[in-house]
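Given next are the chains, with one letter for each unit.
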2 protein chains.
Amino acid sequence: MEPSPPSRLLLIDDHRLFNDGLKSLLDAQTDLTVCGQVFTAADALAAVHRLAPQLVLLDVNLQGVSGIDLGSQLIHNFAGLYVILLTMYNQPKLLDEARRAGLHGYLLKDATTDLLLKGIRTVLNGGKFFALNESGHFIDRFGDDFARRLSLTFREVEIIRLICQGLSSEQIADQLTLSVETIKTHRKNIHFKLGISKVADLIQFAIKQGL
Amino acid sequence: MEPSPPSRLLLIDDHRLFNDGLKSLLDAQTDLTVCGQVFTAADALAAVHRLAPQLVLLDVNLQGVSGIDLGSQLIHNFAGLYVILLTMYNQPKLLDEARRAGLHGYLLKDATTDLLLKGIRTVLNGGKFFALNESGHFIDRFGDDFARRLSLTFREVEIIRLICQGLSSEQIADQLTLSVETIKTHRKNIHFKLGISKVADLIQFAIKQGL
DNA sequence: GGGGCAATACCACAAAAGGGGTATTTTTAA
DNA sequence: TTAAAAATACCCCTTTTGTGGTATTGCCCC
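Residues numbered from 1 in each chain as written. Chains lettered and ligands numbered in written order. Predicted model: local features only at pLDDT ≥ 70, side-chain atom pairs only at ≥ 80, totals over all residues. Heavy atoms only, no water.

Considering the protein's contact with DNA strand D
Neighbouring DNA strand D are 20 residues, the closest being Thr153(A), Arg155(A), Ser179(A), Lys188(B) and Ser197(B). Within 4 Å of the protein, the contacting atoms of DNA strand D are drawn from sugar and phosphate to the extent of 61%. One nitrogen or oxygen atom from the main chain of Val199(B) is found 2.9 Å from a phosphate oxygen belonging to DNA strand D. Where the surface near DNA strand D is concerned, the elements lending two or more residues are helix H8 (154-164) and helix H10 (180-194) of chain A together with helix H9 (169-176) and helix H10 (180-194) of chain B. Its residues assigned to classes, the surface near DNA strand D comprises three nonpolar, nine polar and eight charged. (Near = heavy atom within 4 Å. Polar contact = N/O pair within 3.5 Å; in protein donor to acceptor, adjacent residues only side chain to side chain. Helix = DSSP H or I, 4+ residues; strand = E, 2+ residues; numbered from the N terminus. Nonpolar A, V, L, I, M, F, W, Y, C, P; charged D, E, K, R; others polar.)

Here's what the structure looks like:
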């Protein structure tokens, strides 16, 4: 190892305790320093500009603002900046979204500290680090054939999200410029695939999946 | 100050990073030591028995298990044990529930570290510490009259819970030995009070409130 | 002892959701 | 290049929700 100064990290997460705790954890590492903490999306750009961190650890949920959007915005505005998404959602779709948005990593909040450090160091060395929890809660809870049943299509997931926002089939049809009948068909298929029969079940399902 | 050994704390939260971060934060205090960490509700009782902590910091959401239930269970099983609920729900109702369940404190995850430490020390000295975030997201999002609108009755909350479990009005009526019409009336009132009009909205609301 | 609230219950009608089909086109992958 | 999968769309009919009312009972509190 060459004697280089510790890498500068910026934490963006509106859960202050999590943010503080993470700082404490990371500061304990000799090769890493937390150069700043941000608690709202609004402060993020200014903070990155002022503190010039090498890497940003970014939560997905910042009072309604999408962490993925903010992350890709940061990357486009600050050349050479690394962004790792930190989330509690054990969701392949979300991971894919993060990857497509050009982010450098995706880590779960229930990851071990070791995994976090490994991820940070990998990204600082120019790599990418995307990790889900293989033995995630959800899969455990629903048994063997769940993964098969979960093979929802893109459209289906899209419609689930809109249902969760409280839209009726008609409103969804409007928004997607489709027939109401099509939406109804999708809903039927979703119900069949998930083995449910009510909106209530669907929302519960969706929220457990992290939308 | 008398030269007493540091107080022993146990952390119960299934978000490992949060848990680890908190440990790191707390260990930095000379008068506090984290004597253990637990990531699932199932391990909680055994851990308390083995580690004999003075105070437990407990998350509300442990894979479906209610932190409040677990907390009051711990208090009843271990005399003298203090339990502080840690949650991201900025919710007076939940706070009241925690208080009624006999827990010793309620703190938000987006509290400052100072507030957390103050809460812990207050409870360790035999006090109670219940804090909400005055400028919290949730209240902001719904305006001034939200608190008034939120004055749900016991029956209403009970019915919301059953709706969330996917039961129809008829099934709820059966279970509570009431007329379907009565359930419908309650649902109307709930919708009015919360300013919503769909099951989807209701479930979202309920989940944000921590059920 | 009367006003307010919670809980119960009913009617009627409109709007959605749920469930049973079938069918066409486009996209994807073997 | 062809067969499967995904996305689109329609029909019909039932059940459940949603919304507008009204009304009675019991309870607490001032």
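Some points on the protein's contact with DNA strand C
DNA strand C sits among 20 residues. The nearest are Lys184(A), Lys188(A), Thr153(B), Arg155(B) and Ser179(B). Take the atoms of DNA strand C that sit within 4 Å of the protein: sugar and phosphate atoms are 60% of them. For DNA strand C, a phosphate oxygen lies 2.9 Å from a polar atom in the backbone of Ser169(A). Arg155(B) is positioned with one of its side-chain polar atoms (N or O) 2.7 Å from a phosphate oxygen of DNA strand C. Among the secondary structure elements, those contributing two or more residues to the surface near DNA strand C are helix H9 (169-176) and H10 of chain A together with helix H8 (154-164) and H10 of chain B. With five residues, the single largest contributor to the surface near DNA strand C is H10(B). Residues belonging to the surface near DNA strand C are distributed by class as follows: three nonpolar, nine polar and eight charged.

Regarding the relation of the copies chain B and chain A
Once turned by 180 degrees and shifted 0.8 Å along the axis, chain B lies on chain A with an RMSD of 1.1 Å. What the rotation and shift describe, once combined, is the action of a two-fold rotation axis. Across chain B, the rotation axis passes nearest the C-alpha of Gly21(B), at a separation of 1.7 Å. Same-surface contact between copies: 100% of interface residues of chain B are shared with the interface of chain A. (Least-squares fit on C-alpha atoms with pLDDT ≥ 70 in both. Contact = heavy atoms within 4.5 Å.)

Examining the sheet that holds strand E6 (residues 82-87) of chain A
Residue and element names in this part refer to chain A. Pairing within the open sheet is parallel, and its six strands lie in the order E2-E1-E3-E6-E7-E8. Looking at which strands have only one partner, the edges of the open sheet turn out to be strand E2 (32-38) and strand E8 (129-130). Pairing analysis gives four bridges linking E6 to strand E7 (residues 105-108), with the strands arranged parallel. Within the sheet, the bridge partner assigned to Ile84 lies in E7 and is Gly105. In the packing of helix H5 (residues 113-124) onto the sheet, the strands contacted are strand E1 (7-12), E2, strand E3 (55-59), E6, E7 and E8, and the crossing angle to E6 comes to about 160 degrees. (Pairing = 2+ DSSP bridges. Axes fitted to C-alpha atoms, helices over the stretch in contact; angles between N-to-C directions.)

Quick word on the nonpolar core
Counting 42 residues, the largest nonpolar core has Leu26(A), Ile120(A), Leu26(B) and Ile120(B) as its most contacted members. Residues Leu162(A), Leu176(A), Ile196(A) and Phe205(A) belong to the second largest nonpolar core, which totals 38 residues. (Core = buried A, V, L, I, M, F, W, Y, C linked by side-chain atoms within 4.5 Å. Buried < 20%, exposed > 50% of the residue type's maximum accessible area, 1.4 Å probe, protein only.)

So, the UniProt feature "modified residue: 4-aspartylphosphate" (unreviewed entry) in chain A
Residues and elements named next belong to chain A. Mapped onto the present numbering, the UniProt feature "modified residue: 4-aspartylphosphate" (unreviewed entry) falls at Asp59. When you line up the elements, Asp59 lands in strand E3. A residue is classified by how much of its surface remains accessible, and Asp59, at 4% relative accessible area, is buried. (UniProt positions renumbered as here; feature names shortened; annotations may be inferred.)

Quick look at the interface of chain B and chain A
The interface of chain B with chain A comprises 34 residues on the first partner and 36 residues on the second. Both faces combined, the contact of chain B with chain A buries some 2,800 Å², and carbon together with sulfur accounts for 66% of it. At the junction of chain B and chain A, the tally comes to zero salt bridges. Listing elements by their share of the side of chain B that touches chain A, those giving two or more residues are helix H1 (16-27), helix H5 (113-124), H8 and helix H11 (199-208) of chain B. The dominant element in the side of chain B that touches chain A, judged by the number of residues it contributes, is H1(B), at eight residues. Here the residues of the side of chain B that touches chain A sort into 15 nonpolar, twelve polar and seven charged. (Buried area = accessible area lost by both parts, 1.4 Å probe. Salt bridge = Lys/Arg side-chain N within 4 Å of Asp/Glu carboxyl O.)

Notes on the packing of aromatic side chains
Per the stated rule, a full pass over the model turns up one aromatic pair over all chains. Ring centres of Phe18(A) and Phe18(B) lie 6.1 Å apart, and the angle between their planes is 5 degrees; this geometry places the pair in the stacked category. Of this pair, Phe18(A) sits in helix H1 (residues 16-27) while Phe18(B) sits in helix H1, each in a different chain. Take Phe18(A) and Phe18(B): they sit in the same class, and that class is buried. The residue whose ring lies beneath Arg16(A) is Phe39(A), and the NZ or CZ to ring-centre distance is 3.9 Å. (Phe/Tyr/Trp six-rings, centres within 6.5 Å; stacked < 30°, edge-to-face > 60°. Lys NZ or Arg CZ within 6 Å of the ring centre and 35° of its normal.)

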